[in-house]
Amino acid sequence: MDTMTTPNGLSFFNGTPCPIVSKNKIPFEKIAMDMLKAGLKEYSIKELKKIHYEQMVDMENSLVKICKRDNGLTTDRNIKKWLKLGNSSELEAETLWYTNVYILLKLKVIENDNNNGMVFITTN
């Protein structure tokens, strides 16, 4: 029996999952901690919370707006539009989404609940 694992889990913000789920492990936890350490050299915790929260609001809002035309579905076409709007590759967008959610969890801006956070699954 084959088992498909999502090595990065699923990442949610405001009830919206990251539309890109790769099978390649992304070290978003390390990236997030490195970003926080670097950010603290220039910004306060309060400012970092605001920066990462607003970035996620923008990412999520643009995705929802694009997908609204298709009854909220994240089709391949809509994902491509979203990536083009953000001038991002799939890897860049996925990494940014997962990293920001992880940072917001660490800074206690969001809780790991039914609308926000990370879920790790294995399916058969």
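Along each chain, numbering runs from 1 in the same order as the chain's sequence is written. Owing to the predicted nature of the model, reporting of local features is limited to residues with pLDDT of at least 70; listing and counting of side-chain atom pairs is limited to 80 or more, with chain, interface and lining totals taken over all residues. For the side-chain quantities, the full set of heavy atoms in the structure was used; hydrogens and water were omitted.

## Considering the sheet that holds strand β2 (residues 10-13)
Being paired, for any two strands, means DSSP has found at least two bridges between them. Numbered from the N terminus, helices here are DSSP runs of H or I no shorter than four residues, and strands are runs of E no shorter than two. In space, the three strands of this open sheet follow the order β3-β2-β4, with antiparallel pairing throughout. Of all strands in the sheet, those with a lone pairing partner are β3 (16-17) and β4 (117-119), marking the two edges. Pairing analysis gives three bridges linking β2 to β4, with the strands arranged antiparallel. Across the sheet, residue F12 finds its bridge partner in β4, namely G117.

## Overview of the nonpolar core
The biggest cluster of nonpolar side chains holds 26 residues, and the ones touching the most others in it are F13, I20, M56, W82, W97 and V101. Where this core is concerned, the elements lending two or more residues are α1 (28-39), α2 (45-68), α3 (76-85) and α4 (90-106). Contacts are residue-level and defined by heavy atoms, with any inter-residue pair within 4.5 Å sufficient. Other than its neighbours up to four places away in sequence, F13 contacts Y53, M56, V57, E60, W97, V101, L104, I110, N115 and N116. Here the nonpolar core consists of buried residues drawn from Ala, Val, Leu, Ile, Met, Phe, Trp, Tyr and Cys, with membership extended through side-chain atoms lying within 4.5 Å. For every residue, the accessible area obtained with a 1.4 Å probe (protein chains only) is divided by the maximum for its type, and the residue is called buried under 20%, exposed over 50%, and partly exposed between those limits.

## A short note on the packing of α1 against α4
Axes are the key here: two packed helices are described by the angle between their axes and the distance separating the axes. One way to put it is that α1 packs onto α4 with a least axis distance of 9 Å and a crossing angle of 65°. Two packed elements cross with a definite hand, and for α1 against α4 that hand is right-handed. Across the interface between the two elements, F28, E29, I31, A32, M33, M35 and L36 of α1 pack against T95, Y98, T99, Y102 and I103 of α4. Tallied by class, the residues present in the contact of α1 with α4 amount to nine nonpolar, two polar and one charged. Axis lines are fitted to C-alpha atoms, over the contacting stretch for helices. Their N-to-C directions set the angle, which ranges from 0 to 180 degrees. Take the far helix as the reference: if the near one is turned anticlockwise from it by less than a right angle, the crossing is left-handed, and if turned clockwise, right-handed. For this classification, the nonpolar set comprises Ala, Val, Leu, Ile, Met, Phe, Trp, Tyr, Cys and Pro, the charged set comprises Asp, Glu, Lys and Arg, and every other residue, Gly included, is treated as polar.

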